[in-house]
Amino acid sequence: ETNKLYCTSVKCCIFELKAELNSDKKEKKKEAVKKVIASMTVGKDVSALFPDVVNCMQTDNLELKKLVYLYLMNYAKSQPDMAIMAVNTFVKDCEDPNPLIRALAVRTMGCIRVDKITEYLCEPLRKCLKDEDPYVRKTAAVCVAKLHDINAQLVEDQGFLDTLKDLISDSNPMVVANAVAALSEISESHPNCNLLDLNPQSINKLLTALNECTEWGQIFILDCLANYTPRDDRESQSICERVTPRLSHANSAVVLSAVKVLMKFMEMLPKDLDYYGTLLKKLAPPLVTLLSAEPELQYVALRNINLIVQKRPEILKHEMKVFFVKYNDPIYVKLEKLDIMIRLASQANIAQVLAELKEYATEVDVDFVRKAVRAIGRCAIKVEQSAERCVSTLLDLIQTKVNYVVQEAIVVIKDIFRKYPNKYESVIATLCENLDSLDEPEARAAMIWIVGEYAERIDNADELLESFLEGFHDESTQVSETHTHTHLQHVLHKHTQNTPDSDNPDLRDRGYIYWRLLSTDPVAAKEVVLAEKPLISEETDLIEPTLLEELICHIGSLASVYHKPPNAFVEGSRGVQHKRLPARTASGESAESPDAGQSVGGVSDAPPAVIPSQGDLLGDLLNLDLAPPSASVPVVPASMQMGVDLLGGGLDSLVGLHRPSGSQYIAVGLAGGTGGMPAGLGGTPAMGGGLGDLFDLGGGVGMATGSYVPPKAVWLPAMKAKGLEISGTFARRGGGIHMDLSLTNNAMSIMTDFAIQFNRNSFGLAPAGPLQVLTPLAQNQTIDVSLPLNTNGPIMKMEPLNNLQVAVKNNIDVFYFSCQYPISLLFVEDGKMDRQVFLATWKDIPSENETQYQIKDFHLNSDAASTKLQGSNVFTVAKRTVDAQDLLYQSIKLTNGIWALAELRIQSITPNYMLALKCRAPEVSQYICQCYELLLRN
């Protein structure tokens, strides 16, 4: 019948359809609408029939009404003026006695994305949200989310969000599920609005509805539960107990959502708790069951299991056999199982794993065989006790004389030699027997490396290297570079001839460097080339911990399949909400305790909505924006400033923060008189007068005489960054902040296309421009780069406060490291406070915000200390001498407007200084004290 309709719709002309649509016969009219829908489905333009189809809405026939609504949803956007003709019918249908028609009308109105219609939708939607029939209410809940997508302001003005929140307490579980789904959808587009105000009471209602929902309703509720952070381990256990039955659900999506909730809340449970062990046992069977589904579902399950095993390997440590490969598994399932097998490998099951891997190495699928051989090597590196057995297995595989197996085995044995030097040299003779069969660059390079590394133990090393020299000009760069380095090793060991010429400029330059090094200082050459090499790490392919935490929070979504955070593949801001696992809180520290819910200053310790929590590292860093930053930063009008707790610890609105459109945050220091600070603190400090001037050492704004710059430290070792080594330090020059970097290329290839990005941090540090590496970074070359920074970046409290997480990208990969900057970097030049203002501010700051430190073993007098500190923008406001001790009163202003006041006591009879600090942000005090010690000692 469908084919007949399609054929008819193609042959029918618009004129005939128009006549049928206006027929008096109901059946003929219904058939005509079916033909119109059929034509529309195959792509034929039937928009000319819009008025005629709309006229068919006036019917009691539910089937016909559905067809007309389908047509309307498709063409309303292209015919907005004519779509208004249908509004009266929609409004009328929303009051129909039949709940199916009421729900259909409100659903269709929500799907017609025409601004002119939305204003007519409000009243019917309001009625449907409070409809007596739960089917209508659940449909209306979803409609609110659709309307919010079209016109967010209208939804907020009409109070639909409050009505939606009320529906969470609805008696019908499906209404609850749809309300949760709608609020979650809206929250994704407005991550700063806490629409789902989750508390123990609302969580209890959601858990009650969970048992009676449809499977998709359960998924919505479970995903919502995953965003809740329990008050303590007791509440966490209670929620886990009520979610656990979902693990036995037939729908795999429900199972994965339940696993996500349990994995997150397990973080809060003490490991010595009996229930913790019980929960671990309960998690294994549902995950194993997922592997009996069809291959596509298996793959999704395996990708999620891969994350779970990295976070909690104990869950599946006894289920190794489940991951053994079946002969009919697709290759993508086989490779994923192989990866999980290696992650679960331990001393207890290594014999079983090796026997299985040896079997895989005899398969016919070449790619899979290669991976299996590599897996044997990874097992040797991971489980030290199994290394000898792994080497023995690899030797057995070499004896098979299968070319690609032999070559992979040699590559793997090279890695084993690097992990366990001078331990398995007895196998070298067997490797040398297979030299003639090596034709792949990686295998040849590995063999050359082995010969060079153990040349003193190989009698005919000269001949072996000679055999590789015969085709030197035809070799790949990888082999040639390895050969050049190995030849130099051999020269240093045996003092033989030089390497032949090469047309490759990189290789030739490497040869020149080695030659000059040898001819200038052979001893130094030996120290460089024959230096002890670092051991390779056990697991080089583990996901970075902060990224792993975020991916665990996204189990059951695309992020867990891609193993990338959502913002790496989702365009725009929708859906990119960073998540983290909760920290464990003992029940004694719960919210019932008077101190638990309060932090310094009596402010709740929950992080402010504007400032995301730590744990977003890779979510931001993976999404490197390589475009140069905007040259100008928008100025925030005073009327738009909001008091925001920068450090999440009750700073009494010391920072104004405005979020412009897009994703940029701008930190604004408070002007004088704002947020309870005494007048005169903002902008340029007021000039003192009278007696105040007698104590004024700088006469207004103090100017730095040269700030201390710490020596460069290695932030990213070459072994962790594929040959790229990054050293650096921070400096404040000319009123600006700079990150001074030294980039060294220890790899075998040229590095280009450098870019840098910072994660959100406590003070909004961000690059003020691109990383200027203007020329390619050649092998063994070092380039010094100074990167200007500003404090206009996104803000997030870090631990420690001065921690900075950095991503550096080049043509090889993206690398991550953390470093800590001295807080003195943020001391600004206009930080000298007027004496009277200093006095008033010191009294105004509560005494509980005062902290005292002892700085030991100093021999500077007060003038020398004052001069040295002023070089880093620590300004002396006044000085007095009392009882043979000098008292320096000093002021410091940070880039975000936070002021710190200090009293430094210097006694001539003792080398110890006493430092008293007062600050409205006491979290900053310990870091300022560290800076005092650093500045005075250097």
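Look up: the structure comes first, before these words.
Attention here is on the structure that accompanies the text. In this text, all values refer to a predicted model and were calculated from it rather than measured experimentally. (Residues numbered from 1 in each chain as written. Predicted model: local features only at pLDDT ≥ 70, side-chain atom pairs only at ≥ 80, totals over all residues. Heavy atoms only, no water.)

A few words on unusual backbone geometry. In the segment running from Glu799 into Pro800, the intervening peptide bond is cis, with an omega of -5°. Backbone geometry at Lys401 places phi at a positive 65°, although glycine is not the residue there. You can see Lys401 is positioned in the loop between helix 23 (387–398) and helix 24 (403–419). Exposure remark for Lys401: the relative accessible area of 48% places this residue in the partly exposed category. In this model, Asn780 sits at a positive phi of 60°, which is unusual for a non-glycine residue. (Helix = DSSP H or I, 4+ residues; strand = E, 2+ residues; numbered from the N terminus. Buried < 20%, exposed > 50% of the residue type's maximum accessible area, 1.4 Å probe, protein only.)

Right, let's talk about the pattern of salt bridges for a bit. In the structure shown here, the tally under the stated rule is 31 salt bridges. A salt bridge links Glu63 to Lys34; its shortest N-O distance comes to 3.6 Å. With Glu63 in helix 5 (residues 62–75) and Lys34 in helix 3 (residues 26–41), this residue pair connects regions lying 29 residues apart in the sequence. On the basis of relative accessibility, which here comes to 38%, the residue Glu63 falls in the partly exposed class. (Salt bridge = Lys/Arg side-chain N within 4 Å of Asp/Glu carboxyl O.)

Moving on, we come to the sheet that holds strand 12 (residues 850–855). With respect to topology, five strands assemble into an open sheet ordered 12-16-15-14-13, the strand pairing being antiparallel. Edge strands, defined here as strands with exactly one partner in the open sheet, are strand 12 and strand 13 (875–882). Mean inter-strand twist for the sheet, computed between neighbouring axes without regard to direction, equals 20°. Across seven bridges, strand 13 lies against strand 14 (residues 885–893) in antiparallel orientation. (Pairing = 2+ DSSP bridges. Axes fitted to C-alpha atoms, helices over the stretch in contact; angles between N-to-C directions.)

A word on helix 23. Between its first and last C-alpha, helix 23 extends 16 Å over 12 residues, near the 16 Å set by a 1.5 Å rise per residue. Among all positions in helix 23, only Ala387, Cys390, Val391, Thr393, Leu394, Leu395, Leu397 and Ile398 are buried. (Expected span 1.5 Å × (residues − 1).)

A word on the packing of aromatic side chains. Taken as a whole, this structure holds eight aromatic pairs when the rule is applied. Taken together, a centroid distance of 5.3 Å and an interplanar angle of 45° make the contact between Tyr360 and Phe368 tilted. With a centroid separation of 6.0 Å and an interplanar angle of 20°, the aromatic rings of Phe838 and Trp842 are classed as stacked. Placement of the pair is Phe838 and Trp842 together in helix 35 (residues 835–844), with a separation of four residues, close to one helical turn. Judged by its relative accessible area of 5%, Phe838 is buried. Among the aromatic side chains, those forming a connected cluster through ring pairs are Trp715, Phe730, Phe817 and Tyr821. (Phe/Tyr/Trp six-rings, centres within 6.5 Å; stacked < 30°, edge-to-face > 60°.)

Here Asn349 lies in the loop between helix 20 (331–344) and helix 21 (350–360). Once residues lying within four places of it in the same chain are set aside, the contact partners of Asn349 are Lys317, Met320 and Leu344. (Contact = heavy atoms within 4.5 Å.)

Next up on the list: the environment of Leu915. With respect to the element layout, Leu915 can be found in strand 16 (residues 913–919). Residues Leu915 and Leu904, 11 residues apart in the sequence, show an inter-C-alpha distance of 4.7 Å. Look past the residues within four positions of Leu915 in its chain and what remains in contact with it is Thr851, Gln852, Tyr853, Ile855, Ala902, Glu903, Leu904, Cys929 and Tyr932.

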